[in-house]
Each structure stands twice: as structure tokens, then as C-alpha cells.
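Tertiary structure, described
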Amino acid sequence: MLVALAVCGIMGMMGQGVRAIVGLKNAGSLDGSRGNSQSPFDAAYLALSFMIGAIAGILAGLVTGLDQFTTGLTLQKLLAIAASGYVGADFVENSMSLVLPKGAPAPQAPPPAPSPAPAEIAPVAPPPPVPSLAPAAADRFTAALHAVAPRVDIGKWGRPLEDAFARFDFGTDRRQAAAVGQFLVEAGDALSEVVEDLYYTHVEAVMRAFGPHFASEAEAAQFLRDPRKLANRVYANRLGNGDEASGDGYRYRGRGLIQLTGKDEYADFARSIGQTPEQASDLCETAEGAAMSGCWYLAARHGLPPADAWDIRMVTRLVNGPRMLGLAQRTAYSNAMLERLRG
């Protein structure tokens, strides 16, 4: 019996391990403008995945009958257990409903839309209109946001965030709280910094931010107090932009609650909402577009699984790269928001 349980647990770990390693590998493809040239990896996240896989494998053995693993072990049976480990948390939940006694039936709620898990950012058809959060959930969210971030204009940001959450599958407390924790650092505690500020008055600041793009401080000084000229220089010929004369640098400068930067990134977001990159860049200056692009970014960069596991370090790394600036503040905002949403 113990040997059969061990075999089921090991095969479940193998299945979940494959899923975790593939997911973490894919999560490394972030925008070079954020300095994230390394593939993000978190040992705690991988260990949690192995544990989930082992539990799923053991439950699979219990559900199908452990005697099958002592009287005639076959490759087909082992692969079936590994597959249950790959499914992981979903299999655990379904299996427990078979093993544990059922209580009184509860009112059935409509199932949430399936969570997107893209291996890469790819063009998609424009989605149909998505309803906002249910009124009770929307009221709970806005009350929590006001308590955690009193400087945020709820009248301006409440409905756009609710709509973006519904559109990009942020239907759980953890996903919403993790997203808000990132937004309040990336766009400020009033969500007022949704357009990249390129107005510099001191050459030292320009050199700290964009030094490699200038031959000297004297050259950089020519770009002071001129955001358009500066953006067209420092973002030229990269991120999908044209040369300095094309104007793409300024046209596709950073915008949104998690600022999109460069024509390529705007084009990816634009395809998801059925617009052109130019239209999407203008949209991101509005509350509606800033909220949509921020939620799209987290979903497209594989930020939902670590949010579900409450791995704020991983979510932060996907947004900010290996530097993970403001991690403590992002974590504090996320935890406070989660507590309010569940209170």
C-alpha cells in the first residue's frame, strides 16, 4: 500500500514539475525595455508545484484504486497518474469532491471564464463584450480599493478596473489584489502616473536614465525640457520602433497602469482588443485603456498562476524584471487589498 502511494506521489510530482518548469520558462520572455533579460525562477514556487503534483497523484491513486498498482503496473497507468499531477490543483479539487462526504447543496454560481495560459503572445480575434463584475462584487472591490488607497479617485477608476478585471479573467480576490498591488506602485498611490514623464530639467538625470544613448553630457543637454525629442532619440530603432525621424519613440512611449513601451508591445495589446497600435496608444492615456492594458499585461505575461499561488515576488518579477523595485510596497498593498476583499 505504501509503495503504491509513493509511486502515485512521484508520478504526480513529475507531471506537475513539467507544468511548472514550462510555465516558468515561458514567463521569462519579457520586454527588454524593463531590463529583464533573464528567465524568472522561484524555488518556492517550484516546490509548491511539486507538492500539489504529489497530492494530485496520490488522490488519483486512491480514486482509481491502489490495488491496480500492486497487481499489474503498466506504463499507461503511470502516465495517467502523471497527467493528473500535471492538472494539479484542478484534479485535487475534483477528487476531494468524490472522497469527502457532501454537505447540503449550495446555490450554483456560473463558472468563471477559463484562465488564459498563452505560451506566447499571439494575435487573437477581438473578444465579445464582457460584462462588468456583479454589483455586489463591484461594491466590495471599490470599498476595498478606497480603504487601501484613499488617494485613488474611485469615481474615475472603479468602473474601468472592474470592466478590465471581467474582461481579462481577474475574477478572484487574489488576482484582483495582486494586480492592485502592482498598479499602486507602477502608477503611483493615486493611479495618476499613466503616461511616461520624459520632461527632464537636469542633464544628470537624463544620463542616469538614458546615458548609453548619448555621447556626452553636452549632447544630452540638448534634450532637456523636450519630451518628444528625448523619446524619439532613446526609443529609436528598438522595441519595434522606427528611426529617430519616424516619431515612433514618442508615439509609443510608456502608458498605462503598467506602462506599455514600444510599437511591438502596443501592437500585441491592440490585437487583443481589435484596434491598431496607434489607437491603442491613445486609449492607454484614458482610465479605461490604462486599466485594460495593465490587466492584459499581467495576463499575457503569465501573471495569473503566481497570483493564484499568492507569489507576489514572481508577479513583481514579471512586471519589473530582476530588479524587483518596490517589492516590499507591492507586497504590502497586495496583502492589504486581499484582506479587505475577504473581510
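Residues numbered from 1 in each chain as written. Predicted model: local features only at pLDDT ≥ 70, side-chain atom pairs only at ≥ 80, totals over all residues. Heavy atoms only, no water.

Here we come to helix 9 (residues 203-210). Given 3.6 residues per turn, any residue in an α-helix points the same way as the ones three and four places further on. Within the sequence span of helix 9, burial applies to Val203, Ala205, Val206 and Phe210. In an axial view of helix 9, the angular spread of the buried residues amounts to 155°, which keeps them on one side of the axis. Those residues of helix 9 that are buried lie in contact with helix 10 (217-220) and helix 11 (227-234). (Buried < 20%, exposed > 50% of the residue type's maximum accessible area, 1.4 Å probe, protein only. Helix = DSSP H or I, 4+ residues; strand = E, 2+ residues; numbered from the N terminus. Arc of directions from axis to C-beta. Contact = heavy atoms within 4.5 Å.)

Looking now at the pattern of salt bridges. When charged atoms on two side chains of opposite charge get close, those side chains can pair. Taken as a whole and assessed by the stated rule, the structure comprises 13 salt bridges. In this structure, Glu219 and Arg233 form a salt bridge, with 3.0 Å as the shortest nitrogen-oxygen distance. With a gap of 14 residues between them, Glu219 in helix 10 and Arg233 in helix 11 connect regions that are remote in the sequence. Take Arg233: its relative accessible area is 19%, and that puts it in the buried class. (Salt bridge = Lys/Arg side-chain N within 4 Å of Asp/Glu carboxyl O.)

Packing of helix 8 (residues 173-186) against helix 18 (residues 327-342) leaves a shortest axis separation of 8 Å and a crossing angle of 140°. With respect to helix 18, the element helix 8 is oriented oblique. In the crossing of helix 8 with helix 18, the sense of the turn from one axis to the other is right-handed. Contacts between helix 8 and helix 18 involve Asp173, Arg174, Gln176, Ala177, Ala178, Val180, Gly181, Gln182, Leu184, Val185 and Glu186 on the former and, on the latter, Gln329, Arg330, Tyr333, Ser334, Met337, Leu338, Leu341 and Arg342. (Axes fitted to C-alpha atoms, helices over the stretch in contact; angles between N-to-C directions. Parallel < 35°, antiparallel > 145°, perpendicular 65-115°, else oblique. Left-handed = near helix turned anticlockwise from the far one by under 90°.)

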